[in-house]
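Spelled out from the first residue to the last, the chains are:
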Amino acid sequence: MARREKGGFWVGLAAAAFYPLTAIGKRVYLGAEKIPRQGPAVLVMNHISHLDPAVDAVFVHRQKRVPRFFLKASLKDVPIFGRIVTGSGQIPVARGSSAAGDSLKAAHQALQEGKVIVIYPEGTITKDPLGWPKEAYSGAARLALQNDVPVIPIARWGTNQIFNGYTKKFTPFPRKTVTHLVGDPIDLSAYRGGNPRSASTLREVTAVLMDEVTRLLAEIRHEEPPAKKPETAAETKKADSSVADVVKDPATALDEAAAAEKPEDGA
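Given the structure is predicted, the values throughout are model-derived calculations rather than measurements.

Each value, and the rule that gives it
- Residues numbered from 1 in each chain as written.
- Predicted model: local features only at pLDDT ≥ 70, side-chain atom pairs only at ≥ 80, totals over all residues.
- Heavy atoms only, no water.
- Salt bridge = Lys/Arg side-chain N within 4 Å of Asp/Glu carboxyl O.
- Helix = DSSP H or I, 4+ residues; strand = E, 2+ residues; numbered from the N terminus.
- Buried < 20%, exposed > 50% of the residue type's maximum accessible area, 1.4 Å probe, protein only.
- Core = buried A, V, L, I, M, F, W, Y, C linked by side-chain atoms within 4.5 Å.
- Contact = heavy atoms within 4.5 Å.

A. Expanded view of the pattern of salt bridges. Evaluation of the coordinates by the stated rule reveals ten salt bridges. Here Asp184 and Lys34 are joined by a salt bridge, their closest N and O atoms 3.1 Å apart. In this pair, Asp184 sits in the loop between strand E9 (177–182) and helix H7 (189–192) while Lys34 sits in the loop between strand E1 (26–30) and strand E2 (41–45), placing the two residues 150 residues apart along the sequence. Residue Asp184 is classed as partly exposed on the basis of its relative accessible area, which comes to 48%. Residue Glu219 pairs with Arg215 through a salt bridge whose shortest N-O separation is 3.7 Å.

The following block contains the structure:
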């Protein structure tokens, strides 16, 4: 039996705060054994609620791993929470600055050290009223292609029924079921032989990642996804620019890091 990855005091403090929070929903974990109990991995997930980071952190922690999220760098200055962010090894992103790309360097380093990175390629929660994933940014594809580690798709459903971030409706009762479904690692070997930083390759790999996450989500919901993504990432970023929420921040900054690295073919 694999030992739990050591997280230290600050990870323990975060767990003490998040575990009771996520108890407001019933949990169903399907395929959780596919998450490596040791060694590096990139977990690619959909994003439907501002509760997702806390719920997903507990999910990964229950698999004896310490999750690393991308988050807004200014959160390090928030009393107590900032210490948790720093002490638990989260990855800050200096949004809107030339230093944004440093977050990807930190992520590369974390993977080299055998850590688990959790990524929401959509950047923000989907605005689709039915909750299907929208068009995604390429940061997750960059990280996946530049590191030969397991890339694991995961769909989660139910957090949006507890807290809807756009209507601000919080409905904890009756208790909802939050389901995580873990897919098989995605084989990206066909994309590693060429130029992994080309815009065309990044677009294609991004689509591969999100198509698999969407397929898993459809399996949870027992529904067919729409033929076309609800909206583009750029449209959502513009529409959501006025929303400021600390809980949401861990899932909104990866686009800044990806934008700091220009595609090599200019496509």
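Additional details are given in the paragraphs that follow.
B. Fine view of unusual backbone geometry. Residue Pro174 is bonded to the preceding Phe173 through a cis peptide linkage, with omega at -5°. Among the secondary structure elements, Pro174 is positioned in the loop between strand E8 (169–170) and E9. Positive phi outside glycine occurs at Lys168, with the angle close to 60°. Checked against the element boundaries, Lys168 lands in the loop between strand E7 (163–164) and E8.

C. Examining the nonpolar core more closely. In terms of nonpolar packing, the biggest core is built from 25 residues, with Val42, Phe70, Ile117, Leu143 and Leu188 touching the most fellow members. For this core, the secondary structure elements donating two or more residues are E2, strand E4 (91–93), helix H4 (102–112), strand E5 (116–119), helix H5 (139–145) and helix H8 (199–221). Here this core takes five residues from H5, the largest share from any one element. Apart from the residues within four sequence positions on either side, Val42 is in contact with Leu111, Ile117, Ile119, Leu143, Val149, Pro150, Val151 and Ile152.

Such coordinate-based values are descriptive only and should not be taken to indicate function.
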